[in-house]
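Coordinate analysis (summary)
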Amino acid sequence: MILSTNDWASLWLSLKLAAISILILLIIAIPTAYWLTFSRSRYKIIISPVFTLPLILPPTVLGFYLLLLMGPQGVIGHLCQVLGIEQLTFSFSGLVVASIIYSFPFVVLPIQNTFSVIGKSSLEVAATLGAKPFDSIINILLPQAKIGIISAGVIGFAHTIGEFGIVLMIGGNIPGKTQLASVQLYNHFEAYEYSQANHLALILLGLSFIILLILYMLNHKFSHLDTRENALSKI
Amino acid sequence: MLYLKYELNKPRLNLDLDIELPSTGVTALFGQSGAGKTTILRIIAGLEPTQQGVLRFMGQVWQDKTTKIFIPPYLRKIGYVFQEGKLFNHLNIAKNLSFASSRSKIKKEEAEVIIEELGLKNLLSRMPQKLSGGEKQQVAFARCLLTQPDLLLLDEPFNAIDVYTTQLLIECIHKLQLPTLYVSHDRNEIIKIADYMLHIHDGKIITHGSLNQMLPLLGYNGFIINGKLISSNNGYCCYKTDIGSISFPTVKTPPSNARIYVDSRNINLYKYDTGKLIALHINSIKYDIPFYCQLNVKLANENIDILILKEKIANMEVHSMSTVFIEILQADFIGYQ
Amino acid sequence: MILNKNLLVLTYLAIFFTLHANADTINIAVASNFSQPAKEIANRFKQQTGSSVLISTGASGTLYNQIKNGAPYTLLLAADETTSQKLAEEGYALKASQFTYATGQLVLWSSQKNFVDSKGRILFTGKFHHLAIANPKIAPYGLAAQSTITKLQLENTLKDKIVQGDNIGSTYQYVASGNAELGFVALSQVYYKGKIVSGSAWIVPSELYPAIKQDAILTVSGEKSKTAQEFLNFLKTPAAKEIMSMYGYK
């Protein structure tokens, strides 16, 4: 392997970013998906498109707006100054924020879909049995939505690994902080370092394949859950 | 016991209700599909999103649009058996049941009694997908009973389940003596359980009354009484009922407590008592139907209509406010044993 | 004599087409930093010859790859010497046509007024969080910036403050948006008709960095285009040079 320390660092950084982003994203996405599925609020019709926006906006547009918003003259920049947090541009935290925005619909929509397939029927039953809403969500809705949530997490993880345009715009290419594998690949390519680019690309390809493999195995495993009665029969 | 005044305009259903239900026994909600029966149950359970009208149960206000009160379903002490049970598919039977018992104040011994009575002991470790329709309904029933409800709401619970399970559940309902609201479009089942009945059509209550009063609507001509077995020999059984002792032939082993249906065809009328007949006070007579006269009689403490062939009272001087005596030739057992 | 309307239209069209008999449209690739002056030069060229010039901008490296993969550019105005050289060596461009069309100048710039003093002393005080430079591996202005920092012996002190833009365009964006308080950009991006347009700047003395010779070259597809060759020659004319110097190129 002719990968440099920077290359390995970039891979590790990409994995770290994806893992942290997806954890935070799941925590935000589950209540959001619940609201989108079960709420009867009239604001849903306005808010839903806003949530879906990162899906269709080119990453460079997102990156551009984030650059302006996170800068000293932008809303987010001002907020950071007031709260005493470091500037988000050129920082790992900034990339986490950007990843969350960028991968948001990729995580929320599958979970929302899962919730609407499950429907409110079992939640109603739970309510008649005396379960409060939060109780029903934790004990009835989420267990049934397990596969959907994990799948959404895997999709979001993979999506963040592939993040490029936004990182390029707000990252600043700082090794160990914002120099992700996708950017490092681009760097090698632009500097005519083709064999290094190739090696890095192969590793990223392998990683993506493993992620997809996990996703398919999960779906396969859980769809066979019914027949594995013995493993689950506990009183 | 239950007072509901409700107006609801949905795309396929307009509800205009003003109901007051008796405080004991089983009340049947009878009507065609789409008439609004399930919607009414859901409204009483608190599962319908729009908060209209007024709903009171045993004096508690469960919802009131004018004072903006709405008690959510998990705070109403109801037991709801849905059509097709609706068990939690990701939990085994034991966990389905403990979901209910752990959220109520029921004692462990009481819970075990319910589980035993409904024959669920052998099913505890199974998953809902592996149960038959009847077994699932048994579990659903037990599950809602474990919450110790004050009101039972049953939505066509005997749809597509076997006779044995139906019988078991009906016996259970009778034993519980809980105020029960029971939705059905099946006449045969209603007569097995109900004490009171509401007929709903197109979102409106057309008529209501005790079961005996509503029997003509269900297509029966006669009356239903509850009896306690006094004696049985030589193929005859004798029961003590609210209208007196009655005796009739039977091929089955007579149950000790029975719900008995007497069809008007199986009644003979006499002007004078022989000592073994039952007195029936006639409130009014109508002769406008061909072949039959419609008698409004006092049965125990209610007034019901029965049709009697004109020729049966042809030579008797029967008129309103007079008393006749009836002999019961044949009767049927319906409902529980 | 009745004036036939159709005849009039026909006559007009004939004159129009005659005048523009040699009119052509060419696609050219231009390094991002030269995009503004390139547009003006192209306009002037069109006025003179009637030929249209369609400009595609990007990083020199990206344009190089595009040309290698068959992009229809008739010529390349790079930001350095090596890109044109490589294209010629690998057979995608005409070596004989390569020449330096402009020399770029490096400037230390901030979008805030009075931030960068005219001697660049701000670099020594270090009173800022982020200094933006273009990626030295892939952009000549980045290489120039790195050279400046090294020559001023500020490598260690500035190491943790440096953020890299993947090309001079995004580097400029970092500074213009205020995310980096200051940065090394191309003079052409902040200079017009003799003045720094906004903010504050230090024009870096040319001894501190290797000359940014921006070379032009005719590609293989451009060899067949008379208009492309005319455009390359046009770049050497005083008119074109005047436009370039307005933007701070030598």
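Owing to the predicted nature of the structure, the values given are computational and were not obtained by experimental measurement.

The subject of this paragraph is the overall build of chain A. Across its full length, chain A holds twelve helices and zero strands. Counting only C-alpha atoms, chain A reaches 65 × 45 × 30 Å along its principal axes. In chain A, which comprises 235 residues, the proportion classed as buried is 37%. Counting contacts in chain A only where the partners sit at least 6 residues apart, residues at least 24 apart contribute 75% of the total.

We now examine the overall build of chain C. Scanning chain C from terminus to terminus reveals eleven helices and twelve strands. When the backbone C-alpha atoms are referred to their principal axes, chain C occupies close to 85 × 45 × 30 Å. Expressed as a percentage of the 250 residues in chain C, the buried residues total 47%.

Taken together, the contacts link 19 residues of chain A with 25 residues of chain B. Among the secondary structure elements, those contributing two or more residues to the side of chain A that touches chain B are helix H6 (121-128), helix H7 (133-144) and helix H12 (229-232) of chain A. Looking at which element gives the most residues to the side of chain A that touches chain B, the answer is H6(A), with six residues. A per-class count over the side of chain A that touches chain B returns eight nonpolar, six polar and five charged.

Once that is clear, we can look at the sheet that holds strand E13 (residues 236-241) of chain B. All names here are of chain B. Pairing is antiparallel in the open sheet, where five strands are placed in the order E14-E13-E12-E15-E21. If you trace the sheet from one side to the other, it starts and ends with strand E14 (244-249) and strand E21 (332-334), each paired once. The mean inter-strand angle of the sheet, taken between neighbouring strand axes irrespective of direction, is 45 degrees. Examined bridge by bridge, strand E12 (residues 222-233) and E13 share six bridges and lie antiparallel to one another. Counted as the bridge partner of asparagine 233 is tyrosine 236 from E13.

Residues and elements named next belong to chain C. In terms of domain boundaries, chain C breaks down into domain 1 (5-103 + 212-246) and domain 2 (106-203). Centre-to-centre, using C-alpha coordinates, domain 1 lies 30 Å away from domain 2. Tallying the contact residues gives eleven residues for domain 1 and 13 residues for domain 2. Here the residues of the side of domain 1 that touches domain 2 are counted per class, giving six nonpolar, four polar and one charged.

This part covers helix H4 (residues 133-145) of chain B. Residues and elements named next belong to chain B. Taking 1.5 Å per residue, 13 residues should reach 18 Å; H4 reaches 19 Å between its end C-alpha atoms and fits that length. Burial in H4 covers these residues: Glu135, Lys136, Gln137, Gln138, Val139, Ala140, Phe141, Ala142, Arg143, Cys144 and Leu145. Where the residues of H4 are buried, they touch strand E7 (78-81), helix H2 (93-101), helix H3 (108-117) and helix H5 (163-176).

For the rest of this paragraph, the subject is the environment of Tyr216(A). All names here are of chain A. With respect to the element layout, tyrosine 216 can be found in helix H11 (residues 194-223). A residue is classified by how many C-beta atoms lie within 10 Å of it, and tyrosine 216, with 11 of them, is exposed. Separated by 97 residues in sequence, tyrosine 216 and glycine 119 have C-alpha atoms that sit 24 Å apart.

Let us look at the pairing of strand E20 (residues 323-328) of chain B. Looking down a regular strand, the side chains alternate between one sheet face and the other. Residue and element names in this part refer to chain B. Bridging between strand E16 (residues 267-270) and E20 involves four bridges; their strand directions are antiparallel. Each bridged residue has a counterpart across the sheet, and for leucine 269 the counterpart in E20 is isoleucine 326. Across four bridges, strand E17 (residues 278-286) lies against E20 in antiparallel orientation. Along E20, the bridge assignment pairs histidine 281 with threonine 323.

This part takes up the arrangement of the chains. Contacts are most numerous between chains A and B, considering all two pairs of chains that are in contact. The two units chain B and chain C never meet; even their closest C-alpha atoms stay 50 Å apart.

This brings us to the sheet that holds E16(B). All names here are of chain B. In spatial order, the strands read E16-E20-E17-E18-E19; together these five strands make up an open sheet with antiparallel pairing. Edge positions in the sheet fall to E16 and strand E19 (302-309), since each has one partner strand and no second. Strand-to-strand twist in this sheet, taken as the mean axis angle between neighbours without regard to direction, amounts to 45 degrees. With respect to the sheet, helix H7 (residues 211-218) is in contact with strand E18 (292-299) and E19, its orientation differing from that of E19 by roughly 40 degrees.

Once that is clear, we can look at the packing of helix H5 (residues 92-118) of chain A against helix H8 (residues 146-161) of chain A. Residues and elements named next belong to chain A. Interhelical geometry of H5 versus H8 gives an angle of 155 degrees and a closest axis separation of 9 Å. Considering their axes alone, H5 and H8 lie roughly antiparallel with respect to each other. Between H5 and H8 lies a crossing of right-handed hand. On the side of H5, the interface is formed by Ser99, Ser103, Phe106, Val107, Pro110, Ile111, Asn113 and Thr114, while H8 contributes Gly148, Ile149, Ser151, Ala152, Gly153, Ile155, Gly156, His159 and Thr160. By residue class, the composition of the contact of H5 with H8 is seven nonpolar, ten polar and no charged.

With that settled, consider the interface of chain C and chain A. With 16 residues of chain C at the contact, the number on the chain A side is 18 residues. Taken together, the elements giving at least two residues each to the side of chain C that touches chain A come down to helix H3 (60-68), strand E7 (162-165) and helix H8 (168-176) of chain C. Of the residues contributing to the side of chain C that touches chain A, the split by class is three nonpolar, eleven polar and two charged.

Our next topic: the nonpolar core. The tendency in soluble globular proteins is for nonpolar side chains to be buried as a group. Formed by 128 residues in total, the largest nonpolar core has its most connected members in Ala142(B), Leu153(B) and Ala194(B). When residues no more than four places from it in sequence are discounted, the contact partners of Ala194(B) are Val26(B), Thr27(B), Ala28(B), Tyr182(B) and Leu211(B). Ala31(C), Ala79(C), Ala186(C) and Val204(C) belong to the second largest nonpolar core, which has 74 residues in total.

Looking at the element boundaries, Asp202(B) is found in the loop between strand E10 (196-201) and strand E11 (204-210). Taking the C-alpha atoms as reference points, Asp202(B) and Ser245(B), separated by 43 residues in sequence, lie 42 Å from one another.

The next subject is the packing of helix H3 (residues 59-70) of chain A against H5(A). All names here are of chain A. In contact at an axis separation of 11 Å, H3 and H5 are set at 135 degrees when each is read in the N-to-C sense. Here H3 is positioned oblique relative to H5, judged by the angle of their axes. Like other packed secondary-structure pairs, H3 and H5 cross with a definite hand, here right-handed. Residues Pro59, Leu62, Leu66 and Met70 of H3 lie in contact with H5, whose contacting residues are Gly94, Ala98, Ile101 and Tyr102. In terms of residue class, the contact of H3 with H5 is made up of seven nonpolar, one polar and no charged.

Our next topic: the pairing of strand E8 (residues 182-186) of chain C. All names here are of chain C. By the criterion of burial, E8 is predominantly enclosed, with five of the five residues buried. Here strand E5 (residues 106-110) runs beside E8; their pairing, made up of four bridges, is antiparallel. Bridged to valine 107 within E8 is valine 185. As judged from the two bridges shared by strand E6 (residues 131-134) and E8, these two strands associate in the parallel manner. Considered in E8, the bridge of leucine 131 is made with leucine 182.

Quick notes on the rules
Residues numbered from 1 in each chain as written. Chains lettered and ligands numbered in written order. Predicted model: local features only at pLDDT ≥ 70, side-chain atom pairs only at ≥ 80, totals over all residues. Helix = DSSP H or I, 4+ residues; strand = E, 2+ residues; numbered from the N terminus. Buried ≥ 20, exposed ≤ 12 C-beta atoms within 10 Å, placed from the backbone. Contact = placed C-beta atoms within 7 Å. Nonpolar A, V, L, I, M, F, W, Y, C, P; charged D, E, K, R; others polar. Pairing = 2+ DSSP bridges. Axes fitted to C-alpha atoms, helices over the stretch in contact; angles between N-to-C directions. Domains from an automatic or database assignment. Expected span 1.5 Å × (residues − 1). Parallel < 35°, antiparallel > 145°, perpendicular 65-115°, else oblique. Left-handed = near helix turned anticlockwise from the far one by under 90°. Core = buried A, V, L, I, M, F, W, Y, C linked by C-beta atoms within 7 Å.

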